[in-house]
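The residues making up each chain are set out below.
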Amino acid sequence: MAQMDMNKMMKQARQMQAELAKAQAEATKLTAEGTAGGGVVRAVATGDGFVESITIDPSVVDPDDTEMLEDLITIAVNDALHAAQEKAAEKLNAITGGLNIPGLGF
């Protein structure tokens, strides 16, 4: 009887491992948007931590104040990366039930 329980447990572990691998692959394809300055700067990031695009409203471009634009870009990118990480973590937590499993990277 103990052998049967162990076989069942191993089967469940393999199934969870396959589900986690699938969720991790899907999480890397997720995208999230971050904004700054009321939306004049927008950044899109992926679940695996890459910036996909940055959009800047021309009205915010002031050649005499590039520091402000740099700050807005930094804020928007960080916002997008954070949002993408949260989406990826939510996807994985749906499978792990919130367990903190080392090595998942999210």
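Above this note sits the structure.
The model shown is predicted, which means the values in this text are computed figures rather than measured ones.

### Regarding the nonpolar core
Here's step 1: In terms of nonpolar packing, the biggest core is built from 13 residues, with Val40, Val41, Ala43, Val60, Leu72 and Ala76 touching the most fellow members.
Here's step 2: Considering each element in turn, this core owes the most residues, six residues, to helix H2 (residues 66–96).
Here's step 3: Aside from chain neighbours lying at most four places away, what touches Val60 is Val40, Val41, Met68, Leu69 and Leu72.

### Points about the pairing of strand E2 (residues 41–46)
Here's step 1: Among the six residues that make up E2, five are buried, leaving the element largely enclosed by the rest of the structure.
Here's step 2: From the end of strand E1 (residues 31–36) to the start of E2, which pair antiparallel, there are four residues, and Gly37 there has a positive phi angle of about 65°.
Here's step 3: Bridge count for E2 against strand E3 (residues 51–56) is five bridges, and the pairing is antiparallel. Along E3, the bridge assignment pairs Val41 with Ile56.
Here's step 4: Turn length for the E2-E3 hairpin, with the two strands adjacent in sequence and antiparallel, is four residues, and the turn residue Gly49 shows positive phi of about 90°.

### Comments concerning the sheet that holds E2
Strand pairs in the sheet, formed through backbone hydrogen bonds, run parallel or antiparallel to each other.
Here's step 1: An order of E1-E2-E3 is seen for the three strands of this open sheet, with the pairing classed as antiparallel. In this open sheet, the two strands that pair with only one neighbour each are E1 and E3. Between one strand axis and the next, the sheet turns by 15° as a mean value, whatever way the strands run.
Here's step 2: In terms of strand pairing, E1 meets E2 through six bridges, oriented antiparallel. Bridging across to E2, Ala36 finds its partner in Val41.
Here's step 3: Packing against the sheet, H2 makes contact with E1, E2 and E3, and its axis sits at approximately 150° to E1.

Definitions and limits used
- Residues numbered from 1 in each chain as written.
- Predicted model: local features only at pLDDT ≥ 70, side-chain atom pairs only at ≥ 80, totals over all residues.
- Heavy atoms only, no water.
- Core = buried A, V, L, I, M, F, W, Y, C linked by side-chain atoms within 4.5 Å.
- Buried < 20%, exposed > 50% of the residue type's maximum accessible area, 1.4 Å probe, protein only.
- Helix = DSSP H or I, 4+ residues; strand = E, 2+ residues; numbered from the N terminus.
- Contact = heavy atoms within 4.5 Å.
- Pairing = 2+ DSSP bridges.
- Axes fitted to C-alpha atoms, helices over the stretch in contact; angles between N-to-C directions.

On their own, these measurements won't tell you what the molecule is for.
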